2 protein chains.
Amino acid sequence: MNERDALRALAADLPHAGDDAAVVDGTVITTDMLHERTDFPPGTTRYTAGWRAVGASLSDVAATGARARAAVAVYADEAFDRDDLEAFVAGAVDVCEAVDAEYVGGDLDEHVEFTTATTAVGDVTEAGAVTRSGARPGDALCVTGEWGRSAAALRLFEEGDDAAVERANELFRFTPRVADGVALAESATAMMDSSDGLARSCHQLAEASGVGIEIERDAVPVHPAVEEVAEGSAERFELAAHFGEDFELLCAMPDEEFEAAAEACPAGLTRIGRVVDEPSDDGGPRVTADGDPLPDRGFTHGDE
Amino acid sequence: MNERDALRALAADLPHAGDDAAVVDGTVITTDMLHERTDFPPGTTRYTAGWRAVGASLSDVAATGARARAAVAVYADEAFDRDDLEAFVAGAVDVCEAVDAEYVGGDLDEHVEFTTATTAVGDVTEAGAVTRSGARPGDALCVTGEWGRSAAALRLFEEGDDAAVERANELFRFTPRVADGVALAESATAMMDSSDGLARSCHQLAEASGVGIEIERDAVPVHPAVEEVAEGSAERFELAAHFGEDFELLCAMPDEEFEAAAEACPAGLTRIGRVVDEPSDDGGPRVTADGDPLPDRGFTHGDE
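What counts and what doesn't
- Residues numbered from 1 in each chain as written.
- Chains lettered and ligands numbered in written order.
- Predicted model: local features only at pLDDT ≥ 70, side-chain atom pairs only at ≥ 80, totals over all residues.
- Heavy atoms only, no water.
- Helix = DSSP H or I, 4+ residues; strand = E, 2+ residues; numbered from the N terminus.
- Rg over C-alpha atoms; globule rule 2.2 N^0.38 Å.
- Buried < 20%, exposed > 50% of the residue type's maximum accessible area, 1.4 Å probe, protein only.
- Contact = heavy atoms within 4.5 Å.
- Expected span 1.5 Å × (residues − 1).
- Arc of directions from axis to C-beta.
- Polar contact = N/O pair within 3.5 Å; in protein donor to acceptor, adjacent residues only side chain to side chain.
- UniProt positions renumbered as here; feature names shortened; annotations may be inferred.
- Core = buried A, V, L, I, M, F, W, Y, C linked by side-chain atoms within 4.5 Å.
- Domains from an automatic or database assignment.
- Phe/Tyr/Trp six-rings, centres within 6.5 Å; stacked < 30°, edge-to-face > 60°.
- Salt bridge = Lys/Arg side-chain N within 4 Å of Asp/Glu carboxyl O.
- Axes fitted to C-alpha atoms, helices over the stretch in contact; angles between N-to-C directions.
- Parallel < 35°, antiparallel > 145°, perpendicular 65-115°, else oblique.
- Left-handed = near helix turned anticlockwise from the far one by under 90°.
- Nonpolar A, V, L, I, M, F, W, Y, C, P; charged D, E, K, R; others polar.
- Buried area = accessible area lost by both parts, 1.4 Å probe.

Caption draft 1: How the structure looks around the overall build of chain A. When you go through chain A residue by residue, the secondary structure sums to eleven helices and twelve strands. Here the C-alpha atoms of chain A give a radius of gyration of 18 Å, agreeing with the 19 Å that 2.2 N^0.38 yields for 304 residues. For chain A, the residues scored as buried account for 59% of the 304 residues in total. The contacts of chain A with a sequence gap of at least 6 include a subset with a gap of at least 24, amounting to 84%.

Here it is, written out as structure tokens:
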């Protein structure tokens, strides 16, 4: 069973397994685990790792439209180097500050590989928690920020020279879209973050909402760093749509709400398509880009 | 740097690093990571693992005197077996139910070894959050429940026959002392759970409070399972005091509060010694058992 199938199996048993975070009495809770081998390419500093790991959980809070309150992390490694540990904590503290949350510590553990487990909690606003399942035909499909940033960073890590690695670290330190999520909670009918990439996220949102999705390739906002590492629009779209780990938000909302919502989003909001009422063709949800099927392909642990 | 030194290094930087859990605006948050190799002996079922891992975080909530609200877990393994996963979740759900909390799911991750990271959140009561640092000379030193349970379980896992392994699994599924913690929050001047064993916990509480501690060996309540696996009082005390992972509570309180507190604790409360004002002799806190120094020896990852 790969991770996706396992998650589907779990979804039958738990109330919140299909969403980015669980909501209990107005408190949002979400947790993730990241590993050196799969999540932190050679060259990733511990400061960047702390920022990114805690940021990933804050992004899940953002996806529900909640305010971020606090985060904790478990830091596990073969040995504890004081500089590494302090750098990790500094990154964790800074990403929390970037979204007005507090990093309140965590735990240490000895382990065969540098591994970190992060948890963030947040508070649902008056607008309520947004899930993946409320998109309605006719809604505009929107994304925050610019896409392909993490894919570009990975290529720069592979280049390996100092300047490329420094730039890659900078790209890896994304701002979790908490302020955007809070603003979008007012109007979004469905929302999620883009852990698995744009294409796969569209499939997940369509499946959860029982709708179809049509996007336009040229409408997808591509991060400038993608231009630095990819040639031609096909490759750029591949990196922006099928890589993932950009931690931007994908949401649906009534078309007439778009202008006001876009103004309220610090990261910017772009309409990239629309929600349609043909939910499926051959079993999966119907998701198209410029009229052609958009494959449900992205980044899933266990698929590689 | 071993785990204890690393934790001390961290304590300088973070407000809550010395306590079992962080408290932010009345919400308690705590997180842990457990691994197959170090925490789940051969024979541990996934149901027991789910119970115990989530229970460890609920125990940290209990140590602050807060009510437990919810827990999440990351489940990481080389491959996802549906039966294993469902058993883990069932254990997690059941331990949450045992303390009136809700298990609300989590995340999956592919990893080289079965590893789980758990997080629990709770709500501070009117009595406020209890820390390790408020013990005062003259206080009674008390513990909940009976000690040595996990040490006995480990020996039974080693025996390996079906009956022993079944009994070991049962011993591993402790009830987190949340109800006791809430009751003790009214009177406790300092409290913690016993992750690292009774002796080491006494040292930690003494150090955090700037006091000394005197305990009586015969007063320590030993779990009946210890009798099954250990011969003689010296070996029984060793298992009850120096092993750890019993997840009972250790606390200090004014002597005159003891009777009422003991009645309010479902797991029972035993007075095992007292807090004294000679904080240290040779650098470390002064902790004695029957007048002799009680070594600061227990279970710390990175020490083995």
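Caption draft 2: Broad picture of helix α4 (residues 82-98) of chain A. Residues and elements named next belong to chain A. With 17 residues, α4 extends 24 Å between its outermost C-alpha atoms, agreeing within 8% with the 24 Å of an ideal straight helix rising 1.5 Å per residue. Every buried residue of α4 is accounted for by Leu-85, Phe-88, Val-89, Gly-91, Ala-92, Val-95 and Cys-96. All buried residues of α4 lie within an arc of 155 degrees about the axis, which places them on one face of the element. Turned more than 90 degrees from where α4 packs its buried face, Asp-83 and Glu-97 sit exposed. The opening residue of α4 is Asp-81, an N-cap whose side-chain oxygen sits 3.1 Å from the backbone nitrogen of Asp-83. Looking one or two residues beyond α4, the residue adopting positive phi is Asp-100, at roughly 60 degrees.

Caption draft 3: Seen up close, the UniProt feature "binding site: substrate" (unreviewed entry) in chain A. Mapped onto the present numbering, the UniProt feature "binding site: substrate" (unreviewed entry) falls on A:Asp39, A:Glu245 and A:Phe299. Tracing the chain through its elements places A:Asp39 in helix α2 (residues 36-39).

Caption draft 4: Here's a closer look at unusual backbone geometry. Unusually for a residue other than glycine, A:Asp25 sits at a positive phi of about 50 degrees. Within the secondary structure, A:Asp25 is located in the loop between β1 (22-24) and β2 (27-35).

Caption draft 5: Structural context of helix α6 (residues 162-172) of chain B. Residue and element names in this part refer to chain B. If you check which residues of α6 are buried, you get Ala-164, Val-165, Ala-168, Asn-169, Leu-171 and Phe-172. Taken around the axis of α6, the buried residues stretch over an arc of 160 degrees, which confines them to a single face. In α6, the exposed positions that point more than 90 degrees away from the buried face belong to Asp-162, Ala-163 and Glu-166. Those residues of α6 that are buried lie in contact with α2 (36-39), α3 (46-63), α5 (149-159) and α9 (224-229).

Caption draft 6: Representation of the nonpolar core within the structure. The biggest cluster of nonpolar side chains holds 47 residues, and the ones touching the most others in it are B:Val54, B:Leu58, B:Tyr103, B:Leu184, B:Met253 and B:Leu269. It is α3(B) that contributes the most residues to this core, eight residues altogether. Looking at which domains feed residues into this core, each of domain 1 (3-123) and domain 2 (140-293) of chain B gives three or more. The residues touching B:Leu269, leaving out its near neighbours within four places in the chain, are B:Cys142, B:Val143, B:Thr144, B:Leu184, B:Met253, B:Phe258, B:Ala261 and B:Ala262. Counting 46 residues, the second-largest nonpolar core is a separate cluster that includes A:Val28, A:Tyr75, A:Ala120 and A:Cys142.

Caption draft 7: Broad picture of the packing of aromatic side chains. All names here are of chain B. Under the criterion given, the structure shown has 15 aromatic pairs over all chains. Summarising the aromatic geometry, the rings of Tyr-47 and Trp-51 are spaced 6.4 Å apart at their centres and angled 50 degrees between planes, so their arrangement reads as tilted. Highlighted residues: Tyr-47 and Trp-51, both in helix α3, separated by four residues, approximately one helical turn. Owing to a relative accessible area of 26%, Tyr-47 belongs among the partly exposed residues under this scheme. Judged by relative accessible area, which is 12%, Trp-51 ranks as buried. The interplanar angle of 75 degrees and the centroid separation of 5.1 Å between the aromatic rings of Phe-157 and Phe-172 together place this pair among those described as edge-to-face. Of this pair, Phe-157 sits in helix α5 while Phe-172 is found in helix α6, placing the two residues 15 residues apart along the sequence. Grouping residues by exposure puts Phe-157 and Phe-172 together as buried. Within the aromatic cluster, the residues linked to one another by ring pairs are Phe-40, Tyr-75, Phe-80, Phe-88 and Phe-114.

Caption draft 8: Structural context of the UniProt feature "binding site: Mg(2+) 3" (unreviewed entry) in chain A. Residue and element names in this part refer to chain A. Mapped onto the present numbering, the UniProt feature "binding site: Mg(2+) 3" (unreviewed entry) falls at Asp-20, Asp-60 and Asp-193. Examined against the element boundaries, Asp-193 turns out to sit in strand β7 (residues 190-193). Within the structure, Asp-193 has its side chain in polar contact with the side chain of Ser-59 (distance 2.6 Å).

Caption draft 9: Examining the pattern of salt bridges more closely. Tallied over the full model, the rule gives 37 salt bridges over all chains. Here A:Arg155 ties to A:Glu235 by a salt bridge, and the two come within 2.4 Å at their closest N and O atoms. Taken together, the positions of A:Arg155 in helix α5 (residues 149-159) and A:Glu235 in helix α10 (residues 232-242) put the pair 80 residues apart, joining distant regions of the chain. On the basis of relative accessibility, which here comes to 30%, the residue A:Arg155 falls in the partly exposed class. For A:Glu235, a relative accessible area of 26% puts it in the partly exposed group. When the shortest N-O distance is used, the salt bridge between B:Arg200 and B:Asp296 registers 3.1 Å. Of this pair, B:Arg200 sits in helix α8 (residues 198-209) while B:Asp296 is found in the segment after β12 (292-293), placing the two residues 96 residues apart along the sequence. Of the residues examined, B:Arg200 reaches a relative accessible area of 3% and is grouped as buried. Here B:Asp296 falls in the partly exposed class, since its relative accessible area comes to 28%. A single salt-bridge network, built from bridges that share partners, covers A:Glu36, A:Arg46, A:Asp77 and A:Asp84.

Caption draft 10: Quick peek at the packing of α5(B) against α6(B). Residue and element names in this part refer to chain B. Between α5 and α6, the least distance of the axes is 8 Å, while the angle of their chain directions is 155 degrees. Relative to α6, the element α5 is oriented roughly antiparallel. In this structure, α5 crosses over α6, and the sense of that crossing is left-handed. Where α5 abuts α6, its residues Arg-149, Ser-150, Ala-152, Ala-153, Leu-154, Leu-156, Phe-157 and Glu-159 lie against Ala-164, Val-165, Arg-167, Ala-168, Asn-169, Glu-170, Leu-171 and Phe-172. Residue classes in the contact of α5 with α6 are distributed as ten nonpolar, two polar and four charged.

Caption draft 11: Looking closely at the domain arrangement of chain A. All names here are of chain A. For chain A, the assigned domains read domain 1 (3-123) and domain 2 (140-293). Each of domain 1 and domain 2 has a C-alpha centre, and these two points are 21 Å apart. Summed over both sides, the interface between domain 1 and domain 2 buries roughly 2100 Å², with carbon and sulfur atoms accounting for 58% of that surface. There are zero salt bridges connecting domain 1 and domain 2.

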